[in-house]
Amino acid sequence: MALSFKGHTVVVTGAGGGLGKAYSLLFASRGANVVVNDVSEAAASKVVDEIRRMGGSAVTSVASVTDGELIIKTAVEHFGTVTILINNAGILRFKNMSDKEWDFVQLVHLKGAFSCTKAAWPVFVKQKFGRIINTASAAGLYGNNGQANYSAAKMGLVGFTKTLALEGEKYGIKASVIAPMAASAMTETVMPPDMLAGLKPEFVAPLVAALAHPDGPEANGRLFEVGAGFVAEVRWERSHGVHFRLDETFTPSAIAAQWDKITDFENPEHPMRISDTDLKRALDLSKASSPNPQSSPEIRFDGKTVIVTAAGAGLGSAYALMFGKLGANVVVNDTDEANVNAVVSEINKAGGKAVPSITSTEDGEGIVKTALDAFGGVHVLVTNARVLRSKPFGEMSEADWDEVVDVNIRGSFRCAKAVWPIFQKQKYGRIITTASNIGIYGAPSLANYSTAKAAIIGFTKTLAIEGARSNILANVVASTAPIRARSPNSQEDLADIFKSDYLAPVLGYLASEANEETTGSLLEVAGGWAAQTRWQRAGGFGFPHKKPLTPEAVISKWNKFTNFDDGRATNPASTHEALQQIIENFENENEEEEYADPDDPDVVVEAKKIRGDPEEYSYEEKDVILYNLSVGATEKELPLTYEGDSDFRALPTFGVIPAFASASAFSLDWLPNYNPAKLLHGEQYLAIKAPIPTSGTLVTTTRVLEVLDKGKAASVRTISETKDPSTGEIIFENVMTVFVRGSGGFGGKKTGNELDFGPITAANEPPQRKPDAVAVEKTNASQAALYRLNGDLNPLHILPEFAAIGGYSTPILHGLCSFGIAGKHVFKTFGEIKDIKARFAGVVYPGETLVTEMWKENDKVIFNVKVKERESVVLAAAGATLLQGTSESLPLKSKL
Ligand SMILES: CCCCCCC[C@@H](O)CC(=O)SCCNC(=O)CCNC(=O)[C@H](O)C(C)(C)COP(=O)(O)OP(=O)(O)OC[C@H]1O[C@@H](n2cnc3c(N)ncnc32)[C@H](O)[C@@H]1OP(=O)(O)O
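Residues numbered from 1 in each chain as written. Predicted model: local features only at pLDDT ≥ 70, side-chain atom pairs only at ≥ 80, totals over all residues. Heavy atoms only, no water.

Participant: Which residues make up the side chain of Arg788, and what are the values?
Facilitator: Structurally, Arg788 is set in the loop between α28 (783–787) and α29 (800–805). Buried and unpaired, Arg788 has Asp792 as its nearest opposite-charge partner, separated by 7.1 Å. Leave out the neighbours within four places in its chain, and Arg788 touches Leu793, Ile798 and His814. (Helix = DSSP H or I, 4+ residues; strand = E, 2+ residues; numbered from the N terminus. Buried < 20%, exposed > 50% of the residue type's maximum accessible area, 1.4 Å probe, protein only. Lys, Arg positive; Asp, Glu negative; His and termini not counted. Salt bridge = Lys/Arg side-chain N within 4 Å of Asp/Glu carboxyl O. Contact = heavy atoms within 4.5 Å.)

The structure is reproduced here in structure tokens:
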């Protein structure tokens, strides 16, 4: 049944075009009132007009997303409420944008989502219903070159969503987040134009509608990648980790010694939220473990200068003290002079070298200058921030939001920016940013903090990507804090877990020279426990492109694209990898093609993985005789032409016949410039899996294996399985390649995947020696006219005008007829075959003489076929596997 949004009011931000427009149109078409928000009045009005024209109900809102109150007010004034909020507004990218503008625009991203959600929240709470869909991006999840702040903002929205999901639960408010893949500068580099065209917003909108619907599947706090009809859920995956003993042996060297174990994903966990009980257990385990083995040589920082921001107290001071103890020059940054000086003197007293930097963490340049002045260089940056404002979301003020988000993100950004040219120049740098498990999983009353800390993760992943060329490694350490300890009154509760000293060694290892390659990683640490956390993506589901995608279709595949346990889940680590998987999914066998409609011309070739309906083929003995005759069997060969013969049988290549109707059922008119007269049979593989019945009913199922772009031509390969429906036994397997001249150049793949069928791809190069056997057979002028009656009625083989369009002087012989004749030669010479394959290398005109040259190589017969009159090769790369390896067992030797 179609999902209705009647009675719902949906606010869509950034709805003047692209995704926002597609959402608006879809919701409106399903009966919702829509507030079309966009700063461009013209764009918003156009969408509203379109909705009204189709009988829908919509109004514009031209307020900035940072003025959420105004947007929500429009909804309430016109429609009495808001039930669904789609935070979609994105940024415009201007060239040559200054740092300040860039920074601002990025923050607007987060601030916009905050502001609109904050405004809608009390309405949602009151009516005990609300749906929020936030928009992240692959660039946020994995980082992306040149998009440090963008990835920060986008990842921030993942953290934001997680917290909203936790806080909203009790009010019937649910929040989900999508990372949509739409055509952009990023995708242009890796995708052919056809696929870019496939990245239509209409392939994203149905998921959003499914997530937002009151009766939709449970998606609270969940994240989905979606684009081009591909949908996959993404979740966190955490290694089991290592519990270290909390004593003086808990050092960076101890971390190095067990690094492989920390990052071993053998028995991963998939937490959805923070569990204090788990953390307590972790602490107990750490306390119970034995002294930690150390790597050698000991990790030290002699001669290295380390900047630690917000190091006046708490975590930052613990880091600074550790680095000082291990020989580093330490720049202790914080705004509180007394605190900074205390840390500096503690380091100096212990024999280390430290200087104060009393300034904001946002003053990256100033902090770096202190390092250069005091120590002449900088090698390690540890960014850290201590601003925390805990408030239920409904009470969180704009100031609460700004302070936490700005300080956390901006501080890391500015400091990284300041050290960057130095690191690049010296081709060495280690950056450790600090996040929190609250950013990973969200936590009630900490929407601002979880957003900021998630943003740090996205930001760091981009630094890792950009730094790779210059040996700049960037990692993010999430201090895993118990939720309750985060509220001011219960600090002591689980204080032990949160104890600063317990976090420092992991950070120390990552910041050291001993870390030669780990970058872009997220580590969770707490109370002596350290683990790595990464993304896991379900294998997903690729919806065919030929039918409009609907929310109902999305829901029907929910179990498929949220299934992490079917062996198809992956761990993409970059946008590129994420994209690759989407592309591969297009090419992969799609197990559930019932959306496919082979007659819809609006198809994206790569997505076309169709399975035809099972096709029945019923035949009698006379059909077998007809086949045998049509490939040259004679009245003398009674087992092939007389049904009363005790050895009556079909030739092995009869196996192509029951499959033909099924294999040729696909219309290929979706190919560019398709002209059936230009279609040629290119290759054929047949496996005979069981004795061939001489009459009966067989059922064949065919699906498209791949569509290749051969430049001027397209090549389409199908695979067919023919079964005996009464037993379910597979009798034949056919792989057919058709070559469609003039239909190439659509930007598809040129070479196919390695197929799992050796005989298909085998080169079958004939050996250098003379053939072991040669069979010569003149075809008949009526050969094609006769062969047609097996079921291939292609006019190419009978109608001169049709053949002329294809460029042939007269009708040509069926490829499968030549194939059958050659197969008969092999069979009669060497015996029963279990499979056979050939490439149609040149056309045969009926009446020409075929010469089959055969070489026996163990249980294989390599062969080729030439036309005697023209001395031209017509079957190449051909081979057959014998069922019984020797010629002594020739079947019916005396009779044929
Ligand atoms: C769904 C509908 C189902 C309908 C099923 C079948 C219906 C039947 O009725 C149709 C028929 O029986 S037609 C008759 C039988 N077939 C023929 O006569 C074809 C003979 N072959 C030719 O003319 C050329 O080889 C020709 C034209 C095929 C290729 O020649 P060129 O254009 O010169 O190609 P070339 O430059 O050599 O190679 C270009 C790329 O294409 C690959 N290729 C070549 N021949 C191929 C072939 N026969 N099959 C598959 N791929 C083939 C090459 O490898 C090359 O690829 P790449 O550049 O990647 O190396």
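Participant: So what about the packing of helix α1 (residues 18–29) against helix α2 (residues 41–53)? Which residues, and what values?
Facilitator: The contact between α1 and α2 brings their axes to 10 Å, and the two run at 20°. As summarised for this structure, α1 and α2 are arranged roughly parallel, according to the angle between their axes. α1 and α2 meet at a crossing whose hand is right-handed. Across from Lys21, Ser24, Leu25 and Ala28 in α1, the residues of α2 making contact are Val47, Glu50 and Ile51. Of the residues that constitute the contact of α1 with α2, the class distribution is four nonpolar, one polar and two charged. (Axes fitted to C-alpha atoms, helices over the stretch in contact; angles between N-to-C directions. Parallel < 35°, antiparallel > 145°, perpendicular 65-115°, else oblique. Left-handed = near helix turned anticlockwise from the far one by under 90°. Nonpolar A, V, L, I, M, F, W, Y, C, P; charged D, E, K, R; others polar.)

Participant: Can you lay out the side chain of Ser137 for me, pointing to particular residues and giving the numbers?
Facilitator: Positionally, Ser137 belongs in the loop between β5 (130–135) and α5 (138–142). From its side chain, Ser137 meets the backbone nitrogen of Ala139 in a polar contact 2.9 Å long. Beyond its immediate chain neighbours, meaning those up to four positions away, Ser137 contacts Tyr150, Lys154, Ile178 and Ala179. (Polar contact = N/O pair within 3.5 Å; in protein donor to acceptor, adjacent residues only side chain to side chain.)

Participant: Summarise the site of the ligand; cite the residues concerned and give the values.
Facilitator: Taken together, 26 residues surround the ligand, and among them Lys710, Lys750, Asp792, His797 and Phe840 come closest. For the ligand, whose unbound accessible area comes to 1,200 Å², protein coverage reaches 73%. Among the elements of the structure, β20 (679–688), β23 (729–741) and β25 (833–840) are those that each provide at least two residues to the shell around the ligand. Top element by residues in the shell around the ligand is β20. It accounts for five residues. Partitioning the shell around the ligand into residue classes produces 13 nonpolar, eight polar and five charged. (Near = heavy atom within 4 Å. Areas by Shrake-Rupley, 256 points an atom, 1.4 Å probe, with all protein chains shown as cover.)

Participant: Summarise the packing of aromatic side chains; cite the residues concerned and give the values.
Facilitator: Scanning all chains against the criterion turns up 21 aromatic pairs. Taking the centre distance of 5.0 Å and the plane angle of 75° together, the rings of Trp121 and Phe393 count as edge-to-face. Of this pair, Trp121 sits in helix α4 (residues 99–127) while Phe393 sits in the loop between β13 (380–383) and α16 (398–426), and the two are 272 residues apart along the sequence. When the centroid spacing of 5.0 Å and the interplanar angle of 80° are considered together, the rings of Phe301 and Phe323 count as edge-to-face. Here Phe323 lies in helix α13 (residues 314–325) and Phe301 lies in the loop between α12 (276–288) and β10 (305–308), a separation of 22 residues in the sequence. Linked through ring pairs, Phe114, Trp121, Phe160, Tyr171, Phe393 and Trp401 together constitute an aromatic cluster. (Phe/Tyr/Trp six-rings, centres within 6.5 Å; stacked < 30°, edge-to-face > 60°.)

Limitation: the analysis is restricted to geometry and does not speak to function.
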